[in-house]
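As a plain string of letters, each chain reads:
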2 protein chains.
Amino acid sequence: MSVYTTVSHDQMQEWLKRYTLGQLLDLQGIASGITNTNYFVTTTHGRYVLTLFEALKLQELPYYLTLMSHLARHGVACPAPVADNTDQFASMLAGKPACLVSCLDGADVAQPTPAQCRAVGEMLAQMHIAGATFPGKMANPRGPRWWSETARQVHPHMDEDSAALLREEVQFQDSHRFDHLPSGVIHADLFRDNVLLNGDRIAGFIDFYYACNDILLYDLAIAVNDWARNDEHNIDDERAAALLSGYQSERKLTSEEKKAWPLMLRAAALRFWVSRLQDMYFPMSGEMTYTKDPGVFQAVLKRHRLQQHHWL
Amino acid sequence: MSVYTTVSHDQMQEWLKRYTLGQLLDLQGIASGITNTNYFVTTTHGRYVLTLFEALKLQELPYYLTLMSHLARHGVACPAPVADNTDQFASMLAGKPACLVSCLDGADVAQPTPAQCRAVGEMLAQMHIAGATFPGKMANPRGPRWWSETARQVHPHMDEDSAALLREEVQFQDSHRFDHLPSGVIHADLFRDNVLLNGDRIAGFIDFYYACNDILLYDLAIAVNDWARNDEHNIDDERAAALLSGYQSERKLTSEEKKAWPLMLRAAALRFWVSRLQDMYFPMSGEMTYTKDPGVFQAVLKRHRLQQHHWL
């Protein structure tokens, strides 16, 4: 379903001359992924993943690809981009910006165990630590300014109660500042479908194309809101505690972070509620997304507004 | 036999805090390698090789380790060094400069097949191509100046015929200049024990601690003199042709390189004949080397001086 751009064996063989990866043996489209086109590329050197970017521009890629390269070089489990003979990670192929990354051996997990949540927390902390020496900078394009504006756009389409809740939460978040909390490189989209697992071992975090510089605790809240969420949109205590304990085994939260934690869980829920509302009411023309239910994060947000304990 | 420096589990656990590699699971000394101490290090992230450098100094390591990192990033099969939280590849452990690199899955091969020689040639060419964008520089410490000086030191210890041959060859090489040939990063020691293979696939080139900037063709001659050499110190035509054809499938030799090839084979034989003579007559005190027979490369040199065809 997701090979939007077709690459022929001959085209690939020609493009591979940019690299020192040996001869092309096999080229297989990958039937997952929503935004980009992906192929498995097998050469005499090994197996790689080719990504053709359907929306990002060539000049936007270096931040993400040098970040992944930096993290992989520090032993954080993620795909390592391969540099070509001009020392670039990306160039045009079939009219699209394209890159090759190393192939990881795991699969995503729909129903994670507490042990898997713990491993995700550990690796996320390690990503935050390794990111500290990354020199690139990228402001979060989906921060408070974005959600305030987007909330105004979607309000007229919402029922009264939901619109009131959204307005109230945006105001509440606007009245709090988190600038004093530790910040750095965050993944910003560490949902279950963006982590490959091999049993309890993290094979790799993937899809870094929302990565940016922001509050570390916010990244943790995004992860907990997805990894610990059960089918009834409740946060499962055991999985949340496991993810947090894994995280803290590598990076202890400060007392200020602990104080901000309940608010951060709400901010993380708000961000995805708003983006899903936007996708539903203002679908991008020509973009092949399947719309996800905004109600999930509305429910999560409601629970966080009531919840008294937060597994810390 | 080659764990000269002992590292305890506790020491390793403490040192690993410099890295984002998770928790230490296992630490095993490796019983191969002559110059340095190596351990297999298994953490929750995976398996790595720890090297403790017995001779090289901490400040000498960046050239070699950033080179390996550069090559690995370009898809050349070699160990990828892991950077620590200060973004360094090496630091002190148990009183020795130490680094961690990714663990490769192959083994060295004593009797290579032509197909394996071909794969070595291909990967060597790819290493030369990928090395073109590496910014580091290192003069060859074992170039013509070194072998001329060393030859003078060993002459008095040699029998008359051998001494005459050595003197003649040094003079002959001195009368030829290769500065016009393509140069770049070379491995400079690509013997059979420095390549891990997995069937016919190169798992990785290892032991880059003679790597330097020099004539590319010289690197190729060093490889042919070892990979194609049979037990009678003759160069096997089939293996030599396979290695050269693999190399040329990735990088075509220029006509000037082809012209220089017979001389380069002699230069490569001379270099290892001289270093083995040095090791035999002037063993470094305290260095744990097992002396290799200089006669092997004396024989190879003699054959090259007579040989008319050189598989090109």
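Per chain, residues are indexed from 1 in the order of the written sequence. Each chain is given a letter, starting from A, and each ligand a number, starting from 1, according to the order in which they appear as written. Residue-level local features of this predicted model are given only where pLDDT is at least 70; pairs of side-chain atoms are given and counted only at 80 or more, and the full residue set underlies all totals for whole chains, interfaces and linings. With hydrogens and water stripped out, all remaining heavy atoms of the structure feed into the side-chain values.

## Digging into the side chain of T20 of chain B
By secondary structure assignment, the location of T20 of chain B is in the loop between α1 (9–15) and β1 (24–29). Polar contacts here mean pairs of N or O atoms no more than 3.5 Å apart (in protein, one a potential hydrogen donor and the other a potential acceptor; neighbouring residues in sequence count only if both atoms are side-chain atoms). Here the side chain of T20 of chain B touches H74 of chain A through a polar contact of 3.0 Å, landing on its backbone oxygen. We call two residues in contact whenever any of their non-hydrogen atoms come within 4.5 Å of each other. Look past the residues within four positions of T20 of chain B in its chain and what remains in contact with it is H74, G75, V76, Q126, I129 and A130 of chain A together with H45 and N85 of chain B. In this description a helix means any DSSP run of H or I spanning at least four residues, a strand means any run of E spanning at least two, and both kinds are numbered starting from the N terminus.

## Section: the side chain of D219 of chain B
All names here are of chain B. Examined against the element boundaries, D219 turns out to sit in helix α6 (residues 216–227). Comment: no salt bridge for buried D219; closest opposite-charge side chain is R271, at 9.0 Å. Within the structure, D219 has its side chain in polar contact with the backbone nitrogen of A188 (distance 2.8 Å). We call a residue buried when its accessible area falls under 20% of the maximum for its residue type, exposed when it is over 50%, and partly exposed in between, using a 1.4 Å probe and counting protein chains only. Positive: Lys, Arg. Negative: Asp, Glu. His and the chain ends are not part of the count. What counts as a salt bridge is simple: a side-chain nitrogen of Lys or Arg found within 4 Å of a carboxyl oxygen of Asp or Glu.

## Thoughts on the pairing of strand β2 (residues 37–43) of chain A
Residues and elements named next belong to chain A. Among the seven residues in β2, five count as buried, and that is most of the element. Here the rule is simple: two strands pair whenever DSSP picks up at least two bridges between them. Pairing of strand β1 (residues 24–29) with β2 involves five bridges; the strand directions are antiparallel. In the sheet register, L27 faces β2, and the bridge partner there is V41. Linking β2 back to strand β3 (residues 46–52) in an antiparallel pair, the connection comprises two residues.

## Focus: the domain arrangement of chain A
Residues and elements named next belong to chain A. Domain start and stop points were drawn from an automatic or database domain assignment. Assigned domains of chain A: these are domain 1 (9–102) and domain 2 (114–306). Each side of the interface is counted separately: domain 1 has 17 residues, and domain 2 has 24 residues. Summed over both partners, the accessible area lost on bringing two parts together, with a 1.4 Å probe, is the buried area. Summed over both partners, the interface of domain 1 with domain 2 comes to about 1800 Å²; 75% of that surface belongs to carbon and sulfur atoms. Ten residues, namely Ala, Val, Leu, Ile, Met, Phe, Trp, Tyr, Cys and Pro, are considered nonpolar, four, namely Asp, Glu, Lys and Arg, are considered charged, and the remaining ones, Gly among them, are considered polar. Taken together, the residues that form the side of domain 1 that touches domain 2 break down as 13 nonpolar, four polar and no charged.

## What about the sheet that holds strand β5 (residues 96–102) of chain B?
Residue and element names in this part refer to chain B. Across the sheet, five strands lie side by side as β1-β2-β3-β5-β4; this open sheet has antiparallel pairing. Of all strands in the sheet, those bounded by a partner on one side alone are β1 and β4 (90–93). Averaged over all adjacent pairs, the angle separating strand axes in this sheet is 30°, with direction ignored. With seven bridges joining them, strand β2 (residues 37–43) and strand β3 (residues 46–52) adopt antiparallel strand pairing. Residue pairing in the sheet places Y39 in a bridge with L50 of β3. Convention adopted: a line fitted to C-alpha atoms gives each axis, helices being fitted over their contacting stretch, and angles between N-to-C directions are expressed from 0 to 180 degrees.

## Structural notes on helix α8 (residues 255–281) of chain B
Residue and element names in this part refer to chain B. Residue count minus one, scaled by 1.5 Å, sets the expected span of a helix. An ideal rise of 1.5 Å per residue puts 39 Å on 27 residues; α8 measures up with 40 Å between its terminal C-alpha atoms. In this scheme, the bend at a residue equals the angle between the axes fitted to the seven residues that finish there and the seven that begin there. Along α8, the sharpest change in direction is near 50° and occurs at W261; proline P262 comes one to four residues later. Burial of α8 is extensive: 19 of the 27 residues sit out of reach of the surface.

## What about the interface of chain A and chain B?
Chain A puts 29 residues into the contact, and the matching count from chain B is 29 residues. When chain A packs against chain B, close to 2200 Å² is buried across both sides, 45% of that on carbon and sulfur atoms. Along the contact surface separating chain A from chain B lie two salt bridges. Residues R73 of chain A and D87 of chain B are paired through a salt bridge, measuring 3.7 Å at the closest nitrogen-oxygen approach.

## Some thoughts on the pattern of salt bridges
All names here are of chain A. Summed over all chains, the structure comprises 26 salt bridges over all chains. Note that E14 and K17 form a salt bridge whose closest N and O atoms lie 3.1 Å from each other. Exposure remark for K17: the relative accessible area of 58% places this residue in the exposed category. Here D105 and R201 are joined by a salt bridge, their closest N and O atoms 3.7 Å apart. With D105 in the loop between β5 (96–102) and α3 (114–131) and R201 in strand β8 (residues 201–205), this pair connects stretches of sequence that are 96 residues apart. Judged by its relative accessible area of 31%, R201 falls in the partly exposed class. The structure contains a network of salt bridges with shared partners spanning E168, E169, R266 and R305.

## Side note on the relation of the copies chain A and chain B
Fitting of the copies onto one another was done by least squares over C-alpha atoms, counting residues only where both copies have pLDDT of at least 70. Relative to chain B, chain A is turned by 180° and slid 0.0 Å along the rotation axis, the superposed coordinates differing by an RMSD of 0.0 Å. Read as a symmetry element, the transformation amounts to a two-fold axis. Distance from the rotation axis, computed per C-alpha, reaches its smallest value in chain A at R73 of chain A: 4.5 Å. Comparing interface residues between copies, 100% of those in chain A also lie at the interface in chain B; the contact surface is shared.

## Points about the packing of aromatic side chains
For Phe, Tyr and Trp, where Trp contributes only its six-membered ring, two rings pair if their centres lie within 6.5 Å, and the inter-plane angle classes them as stacked under 30 degrees, edge-to-face over 60, or tilted in between. A full pass over the atoms with the stated rule returns 16 aromatic pairs over all chains. Relative to Y64 of chain B, the ring of Y63 of chain B has its centre 5.4 Å away and its plane inclined at 90°; by these criteria the two rings are edge-to-face. For the pair formed by Y63 of chain B and Y64 of chain B, the shared burial category is buried. Their ring planes at 55° and their centres at 4.6 Å tell us that F191 of chain B and F272 of chain B sit as a pair that is tilted. Taken together, the residues span a long stretch of sequence, with F191 of chain B in the loop between β6 (183–186) and β7 (195–198) and F272 of chain B in helix α8 at a distance of 81 residues. On the basis of relative accessible area, F272 of chain B is assigned to the buried category, the value being 6%. By definition, being over a ring means that NZ of Lys or CZ of Arg is both within 6 Å of the ring centre and within 35 degrees of the ring normal. Sitting over the ring of F172 of chain A, R266 of chain A keeps its end group 3.8 Å from the ring centre. Above the ring of Y210 of chain A, the side-chain terminus of R271 of chain A is found at 5.7 Å from the ring centroid.

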